[in-house]
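Structure assessment
Below are the chains, spelled out letter by letter.
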Amino acid sequence: MSGAADAARMDAVLAVSGLTVGYGGQVVLRGIDLVLPPGQWLGLLGANGAGKSTLLRAVSGLVPPLAGQVAIDGVDVLADPVRARRALGYAVDPAALPMVLSGRDYLRLVASAKGLARPDWGRSDWGRPDDWGADDPVVVLDLARWMDVPLETCSLGTRAKFAILAALLGSPRLLILDESLNGLDPLAAWQVRRIIDARVRAGTCSVILATHALESVAAHCSAAIMLEGGAVACRWDAADLAAARRDPAGFGDAVMTLLMARR
Ligand SMILES: Nc1ncnc2c1ncn2[C@@H]1O[C@H](COP(=O)(O)OP(=O)(O)OP(=O)(O)O)[C@@H](O)[C@H]1O
């Protein structure tokens, strides 16, 4: 590896090398290499079953790899999972939340798993107060009246808001959004993007946006990859994504062509 590549890995918010993952002896991800620098939105694309969620689970330390390494903010996920997890915010698919818990209890659970200093949370645990304006994040996302009912009785979008708020606790260096923006109403989606964008622009956070919504990738991401059969089939850089913003329909057509060619 060159000196420049070594330096990029050292500074990276996420460095993945040779990552191979399987379930019950069946290999699902094959030798993934990925470097995510600070201050970037990375789009993660791929057909159903391509391996996106598996990659996110392996990055989060939820699935042990068969081979390869994952480091979040320079911390090896296998060697020091507790410290690595503090640098990570994983907004799980709203359908995968623990439905019997209330939103408040889910936030408490995540705060405790991240080792936040207090048993509950304070505004500063969600980043700079300026990010949120005058109100508490719970109020900004219109969640106050849903805090104490089971998540199973919340709408999809309300669950998505809790998943995102939990992920933002502790101001993580790496934020993973797994189809998280889909169910949000336009105002909530705008608030969430505004807050995350401020962190990305300040270089304090990078985001992986796993989604089937190609227009979101064209609109927000400065890099993207597409998985196919558990390997990286295509990469887009900042110039490619700038072109995609000018011509989102053309970007969509190009992705469709790739997906159809690989069937
Ligand atoms: N817990 C599991 N046990 C066994 N196989 C699994 C498990 N989870 C996923 N797989 C398999 O791994 C492969 C990749 O699945 P994964 O969920 O990572 O894909 P994905 O790209 O996230 O798909 P989608 O877009 O449908 O969410 C699929 O073949 C799937 O059947």
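As shown above, the structure is provided for reference.
Residues numbered from 1 in each chain as written. Predicted model: local features only at pLDDT ≥ 70, side-chain atom pairs only at ≥ 80, totals over all residues. Heavy atoms only, no water.

Looking at the site of the ligand
Tyr-23, Val-28, Ala-47, Asn-48, Gly-49, Ala-50, Gly-51, Lys-52, Ser-53, Thr-54, Arg-57 and His-212 make up every residue found near the ligand. Separating an oxygen atom of the ligand from a side-chain N or O atom of Asn-48 is a distance of 3.0 Å. For the ligand, an oxygen atom lies 3.0 Å from a polar atom in the backbone of Gly-51. Counting residues per element, the shell around the ligand draws most heavily on helix H2 (residues 52-59), which supplies four residues. (Near = heavy atom within 4 Å. Polar contact = N/O pair within 3.5 Å; in protein donor to acceptor, adjacent residues only side chain to side chain. Helix = DSSP H or I, 4+ residues; strand = E, 2+ residues; numbered from the N terminus.)

Points about the nonpolar core
Ranked by internal contacts, the top residues of the largest apolar core, which has 49 residues, are Leu-177, Ile-196, Trp-236 and Phe-251. When residues of this core are assigned to their parent elements, the largest contribution, eight residues, is made by helix H6 (residues 156-168). Leave out the neighbours within four places in its chain, and Ile-196 touches Trp-41, Leu-168, Leu-175, Leu-177 and Val-207. (Core = buried A, V, L, I, M, F, W, Y, C linked by side-chain atoms within 4.5 Å. Buried < 20%, exposed > 50% of the residue type's maximum accessible area, 1.4 Å probe, protein only. Contact = heavy atoms within 4.5 Å.)

Some thoughts on the sheet that holds strand E4 (residues 67-72)
Here four strands make up an open sheet; going across it, the order is E2-E1-E4-E5 and the pairing antiparallel. What marks the edges here is a single partner per strand, and that holds for strand E2 (26-36) and strand E5 (75-76). The strands touched by H2 within the sheet are strand E1 (14-23), E2 and E4, with E1 carrying the most contacts at an inclination of about 115 degrees. (Pairing = 2+ DSSP bridges. Axes fitted to C-alpha atoms, helices over the stretch in contact; angles between N-to-C directions.)

Looking at the layout of surface pockets
Over the atoms, a rolling probe the size of a water molecule traces out where space has been left empty. Taken as a whole, the largest pocket encloses approximately 370 Å³ of empty space. If you trace the largest pocket, you find 17 residues lining it, with Arg-85, Tyr-90, Val-92, Tyr-106 and Val-110 closest to the centre. Elements supplying a minimum of two residues to the lining of the largest pocket: strand E6 (88-91), helix H4 (103-113) and H6. The element contributing the most residues to the lining of the largest pocket is H4, with four residues. Partitioned by chemical class, the residues of the lining of the largest pocket number 13 nonpolar, two polar and two charged. The computed volume of the second largest pocket comes to approximately 150 Å³. Val-35, Gln-40, Leu-42, Ala-223 and Trp-236 are, among the 13 residues lining the second largest pocket, the residues nearest its centre. Within the residue set of the lining of the second largest pocket, elements represented by two or more residues are E2, strand E9 (223-228) and strand E10 (231-236). (1 Å grid on protein atoms, 1.4 Å probe; cavity = no way out; pocket = protein on both sides within 12 Å on 5 of 7 lines; lining within 4 Å. Points joined across faces, edges and corners; volume = space filled by probe spheres on them. Nonpolar A, V, L, I, M, F, W, Y, C, P; charged D, E, K, R; others polar.)

Keep in mind that these numbers describe shape and distance, not what the molecule does.
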